[in-house]
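If you want the building blocks of each chain, they are given just below.
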Amino acid sequence: TSVQSNRIIYTASPFAKANLLYLQEAGELRALKPHVNSRQGLRSFLFFLVAAGSGKLVYEGQTYPLLPGDCAFIDCRKPYSHSTGEQEKELWILRWCHFYGASLPFIYEKYRERGGRPVIRPESAKVYDELLKDLYVTASSDDYIRDMRINEKLSMLLTCLMGESWHPGEHREGY
């Protein structure tokens, strides 16, 4: 195997799928050797944080180098790939979540219209790291209102991302 991962595949309730932002999967991946992950056509959005190491993301015809603390937010209906660095010291640790909701394509469109980028270097990656850890713990719990709590955490994630997205010179009308 090229990776070691702890992940949870989450099955949201029908109510959550119809009315909330909902989690599909969350976890942490540690690369054991260089690897590439490619996908497309998923009804999902992916957010991930590079916790350690380095790599790259290929998305919408662009290649983005990724360093510790970098985050990616992408629409998985489009083709993408991400790969870890080639050297042992570059092998990365990622924390991620795949999520969806009826409003999410429109939220993502607004994010991109505001200049939101597929890769960001936040002032503090700690906020994103904590949100991803909280999502994992919440999804793993037996809390009877966890779909609501997950919706709240995903909304917090999107609020943070919108705060990072204001780049008016990069407005992408009609995205």
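All residue numbers refer to position in the chain's written sequence, counted from 1. Residue-level local features of this predicted model are given only where pLDDT is at least 70; pairs of side-chain atoms are given and counted only at 80 or more, and the full residue set underlies all totals for whole chains, interfaces and linings. Heavy atoms from the whole structure form the basis of all side-chain values; hydrogens and water molecules are not counted.

Engineer: I would appreciate a short explanation of the layout of surface pockets in the present structure.
Structural biologist: In this approach, a probe sized like a water molecule rolls over the atoms, and the result shows the empty space that is left. Counted as a void, the largest pocket has a volume near 250 Å³. Cavity and pocket criteria rest on a 1 Å grid covering protein atoms alone: a 1.4 Å probe that fits but cannot get out defines a cavity, protein on both sides within 12 Å along at least 5 of 7 lines defines an open pocket, and an atom within 4 Å of a point defines a lining residue. Along the walls of the largest pocket sit 16 residues, with Glu25, Leu29, Asn37, Arg39 and Trp96 positioned nearest its centre. Considered class by class, the residues forming the lining of the largest pocket number seven nonpolar, six polar and three charged. Grid points are joined across faces, edges and corners, and a volume is the space filled by probe spheres set on the points. Any residue outside Ala, Val, Leu, Ile, Met, Phe, Trp, Tyr, Cys, Pro, Asp, Glu, Lys and Arg is labelled polar, Gly included; the first ten of those are nonpolar and the last four are charged.

Engineer: Help me understand the sheet that holds strand 5 (residues 55-59) in this model?
Structural biologist: Strands pair in a sheet through their backbones, by hydrogen bonds, and they do so in one of two ways: parallel or antiparallel. Here, any two strands with at least 2 DSSP bridges between them count as paired. Under the scheme used here, helices are H or I runs from DSSP no shorter than 4 residues and strands are E runs no shorter than 2 residues, and both carry numbers assigned from the N terminus. With antiparallel pairing, four strands are arranged side by side in an open sheet as 3-8-5-6. The sheet terminates laterally at strand 3 (36-39) and strand 6 (62-66), the two strands that pair on one side only. Between one strand axis and the next, the sheet turns through 15° on average, direction left out of account. Bridge count between strand 5 and strand 8 (residues 80-84): five bridges; the pairing is antiparallel. Paired with Lys56 across the strands is Ser83, a residue of strand 8. Axis lines are fitted to C-alpha atoms, over the contacting stretch for helices. Their N-to-C directions set the angle, which ranges from 0 to 180 degrees.

Engineer: Just to check I follow, could you spell out the sheet that holds strand 1 (residues 3-9) for this structure?
Structural biologist: Sheet architecture is open: six strands sit in the order 1-2-9-4-7-10, paired in antiparallel fashion. Strands at the two margins of the open sheet, each flanked by one partner only, are strand 1 and strand 10 (119-120). Relative to strand 9 (residues 93-100), strand 4 (residues 45-52) runs antiparallel, the two sharing seven bridges. Following the sheet pairing, Ala52 is matched in strand 9 by Ile93. In the packing of helix 2 (residues 104-113) onto the sheet, contacts are made with strand 4, strand 7 (71-75), strand 9 and strand 10, and the angle to strand 7 comes to roughly 125°. Each of strand 1, strand 2 (22-31), strand 4, strand 7, strand 9 and strand 10 touches helix 3 (residues 126-140); the most contacted strand, strand 9, lies at about 60° to it. We call two residues in contact when some of their heavy atoms are within 4.5 Å.

Engineer: Is there a simple way to think about the packing of aromatic side chains in this case?
Structural biologist: The geometry of an aromatic ring pair is captured by two quantities: the separation of the ring centres and the angle between the planes. Stacked, tilted and edge-to-face pairs are distinguished by plane angle, under 30 degrees for stacked and over 60 for edge-to-face with tilted covering the rest, among Phe, Tyr and Trp rings (Trp via its six-membered ring) whose centres lie within 6.5 Å. Going through the model one piece at a time under the given rule, you end up with ten aromatic pairs. Judged by centre distance (6.3 Å) and plane angle (5°), the rings of Phe73 and Phe99 are stacked. With Phe73 in strand 7 and Phe99 in strand 9, this residue pair connects regions lying 26 residues apart in the sequence. Exposure is judged per residue with a 1.4 Å probe applied to protein chains only, and the accessible area is read against the type maximum: over 50% gives exposed, under 20% gives buried, and values in between give partly exposed. With relative accessibility at 1%, the residue Phe73 sits in the buried group. Ring-pair connections join several aromatic residues into one group, and the members of that group are Tyr22, Phe45, Phe73, Phe99, Tyr100, Tyr108 and Tyr111.

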